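Close look at the chain arrangement
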Amino acid sequence: MKTIIAEKPSVAREIARIVGATKREEGYFEGGGYAVTWAFGHLVQLAMPDGYSIRGFVRDNLPVIPGTFTFIPRQEKTEKGYKPDSGVVSQIKIIARLFKESEQIIVATDAGREGELIFRYLYHYIGCTTPFVRLWISSLTDKAIREGLRNLETGSKYDNLYLAAKARSESDWLVGINGTQALSIAAGHGTYSVGRVQTPTLAMVCARYWENRRFTVEPFWQLHIAADDGNGEVVKFSSSEKWKAKEPATELYNKVKEAGTATVTKAERKEKIEDTPLLYDLTTLQKEANAKHGFTAEQTLEIAQKLYEKKLITYPRTGSRYIPEDVFVEIPKLLAFIGNLPEWKDKVNPKAVPTRRSVDGGKVTDHHALLVTGEKPLFLSKEDNTVYQMIAGRMIEAFSEKCVKDTATVTAECAGVEFVAKGSIIKQAGWRAVYVEEEKEETIIPGWQEGDTLALKAASITEGKTKPKPLHTEATLLSAMETAGKEIEDDALRQALKDCGIGTPATRAAIIETLFKRGYMERCKKSLVPTEKGLALYSVVKTMRIADVAMTGEWEKELARIECGELPAYTFRKEIEAYTKEITSELLSCDKLFARKDSGCKCPKCGTGSMQFYGKVVRCDNAECGLPVFRLKANRTLTDDEIKDLLTDGHTKLLKGFKSKQGKSFDAIVAFDGEYNTTFVFPERKSKATSARRRK
């Protein structure tokens, strides 16, 4: 008998059908000489410090660096702490028996770093010695599964992939466990979670937040003219310069108005070619789904995974935007399929030869770019269909012709002021025709030449205001994670920097969600806003190595080198151990940032603890309670006296100087709600009419 192990029951069900394992047993399918079983994600995890007889957060125990890591079944949280998940333990026993009874194991977990780790950790935990081979496929269509089963690969081929996954897992444990314990010990109370990737990610969100909030808005003035094109239409020009003071701008405006004509000083015309966009990888799909449809990164990943399991798209956790030659052969057939979908009627030219910009086998990593499979998308929810059609639409764009435009830039002078007008005409729409409704209206510039005199139809002056960089959205944060904070617009250059990004396409959504779950940031419409807790943590770690985005990006590069066999995993492990010792020492020594004094107030929640003043937070010293009250509220820091009012009366007096997330000032009372979270209370304002009636 051979045992096939999949990552999820739904995938196991598809494979079981193909191999004829139709008899359902407890925890597996059987038949045709196969047992097909499954995991539920990670069944096995690295033991927590108590697995090495280290209990509690104790300064002298740090750093905790196991010589060899111990595996335990996945834990679940209970009222009495963590204990092994009973369903997981039961499934591990079933898998262990099947592995022992088998002549061969076929590994069918997801074909990527984490999928490999899920199997290998389980294999080592069980202590199994049965030989195994690898099913490596990019889609779950019947054809792909059958071809994969005919071309099973030796398990040892993926040893380096496992070593990279193991190095990632162990480094996250070392940094997360030691960093969190060290910072929490330094703080004295509460738990401050830090991590190898989550803390640099939070640092980017907080840095952008402070850059936005501390930005000084400055006014500027700009001049505009409208010139007659000779055919009854007008062409609008704007001044090249913007003025910071109104007086000189107004003076020039009056001169321009009086002039009545402008003289062309330069006229440039050239052909502009816009290359087709590359196919989607997961991160680009997540970014565009967030920007265009407001989907979170996690939501997009969940939908893409669902579409994959329904055989509708190829493997979603991909970091490549290219396909190899053998897949390109299938593209005409797939484009014809898409062209028959009602959403893309008349968008695919059946006679056109697909362009090759997205074809490069050398740039394909574990998996090629996202494609639809040719299976009909039936009975999809609105959200699922949106993501599916995004992938289909991008395929049409990627294999269409380039877009060709004629562009014109005309510079004119009037009363000593330089004005510029730009326009373009599309000669060949190419890939731009796919989403025609999103195109801007064309601006046609007449065939003016240098020295021409233009009659002015109007002149105006406008006042503008400088704007700060906007707060991060999930789309911009994903971009920043992809390039380790470097702001890069160019598609190809961003691709080249991917090896230095933080996180991976498969993990970035989970990292962002972790920051939400741990209360470090929250969503405000599309913007990501750090909470008081997040800003408090950032204020402590912002200059430390734990928040260094570039260094974390370099680690991701080293993990990729382990995967390619270019770097020994042992070398990386030693680097991480040295770093762990360094950040542990650094975080333990920051206790001065958590210096405290007694507020003189009892804890309003537990009634037994005493509330202690720290730099950014006031916290109950009862370890069982630990109620935190953060000082920073809506861009205003509460004073000691205001905090005391809140603790003793449950609310403050009416306080001035708060600022909303939109930058507007407001007055409010800060009060506790029923759960002892702080909230704003706005006193009712008496209208003038009400006041007048009461005076009568």
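Our structure's up above, just so we're on the same page.
What counts, and at which threshold
Residues numbered from 1 in each chain as written. Predicted model: local features only at pLDDT ≥ 70, side-chain atom pairs only at ≥ 80, totals over all residues. Heavy atoms only, no water. Helix = DSSP H or I, 4+ residues; strand = E, 2+ residues; numbered from the N terminus. Buried < 20%, exposed > 50% of the residue type's maximum accessible area, 1.4 Å probe, protein only. Areas by Shrake-Rupley, 256 points an atom, 1.4 Å probe, with all protein chains shown as cover. Contact = heavy atoms within 4.5 Å. Core = buried A, V, L, I, M, F, W, Y, C linked by side-chain atoms within 4.5 Å. Pairing = 2+ DSSP bridges. Salt bridge = Lys/Arg side-chain N within 4 Å of Asp/Glu carboxyl O. Axes fitted to C-alpha atoms, helices over the stretch in contact; angles between N-to-C directions. Parallel < 35°, antiparallel > 145°, perpendicular 65-115°, else oblique. Left-handed = near helix turned anticlockwise from the far one by under 90°. Nonpolar A, V, L, I, M, F, W, Y, C, P; charged D, E, K, R; others polar.

**Thoughts on the overall build of the protein chain**
A count of helical and extended segments in the protein chain gives 20 helices and 28 strands. Here the protein chain holds 696 residues, and the buried ones make up 50% of them. Counting every atom, the protein chain has about 34000 Å² of accessible surface; 50% of that belongs to carbon and sulfur.

**A short note on the side chain of Thr-652**
In this structure, Thr-652 sits in the loop between helix H19 (640-649) and strand E26 (655-659). Exposure remark for Thr-652: the relative accessible area of 3% places this residue in the buried category. In this structure, Thr-652 is in contact with Glu-642, Asp-645, Leu-646, Ile-669 and Val-670, ignoring residues within four places of it in sequence.

**Examining the nonpolar core**
Core analysis: the largest hydrophobic core is formed by 96 residues, its most contacted members being Ile-105, Leu-183 and Val-541. For this core, the element with the highest residue contribution is helix H5 (residues 159-187), accounting for 13 residues. When neighbours within four sequence positions are excluded, Val-541 is seen to be in contact with Leu-183, Thr-199, Ile-546, Ala-547 and Leu-587.

**A few points about the pairing of strand E9 (residues 104-108)**
In terms of burial, E9 is a largely internal element, 4 of the 5 residues being buried. Two strands pair when backbone bridges link them, and strand E1 (residues 2-6) and E9 are joined in this way by 5 bridges, in the parallel orientation. By the bridge assignment, Thr-3 is partnered in E9 with Ile-105. Examined bridge by bridge, E9 and strand E10 (residues 132-134) share 3 bridges and lie parallel to one another.

**Quick notes on the pattern of salt bridges**
Across all of its chains, the model carries 46 salt bridges by this definition. Glu-274 serves as the salt-bridge partner of Lys-405, at 3.4 Å between the closest nitrogen and oxygen. Separated by 131 residues along the polypeptide, Lys-405 in strand E15 (residues 403-414) and Glu-274 in strand E14 (residues 261-274) bring together distant segments of the chain. On the accessibility criterion, Lys-405 (13% relative accessible area) is buried.

**A closer look at the pairing of strand E27 (residues 665-672)**
Across the 8 residues that make up E27, a large majority, 6, are buried. By the bridge criterion, 4 bridges tie E27 to strand E28 (residues 678-681) in an arrangement that is antiparallel. In the strand pairing of E28, Phe-672 is matched with Thr-678. Counting the residues in the hairpin turn of E27 and E28 gives 5 residues, including Tyr-676, whose phi is positive at 65°.

**Observations concerning the packing of helix H1 (residues 9-19) against helix H4 (residues 142-150)**
Between H1 and H4, the shortest axis-to-axis distance is 10 Å and the interhelical angle comes to 70°. The angle between H1 and H4 places the two elements in the roughly perpendicular class. Judged by the sense of rotation from one axis to the other, the crossing of H1 with H4 is right-handed. Seen from H1, the contacting residues are Glu-14, Ile-15, Arg-17, Ile-18 and Val-19; seen from H4, they are Asp-142, Ile-145, Arg-146 and Leu-149. The residue makeup of the contact of H1 with H4, split by class, is 5 nonpolar, no polar and 4 charged.

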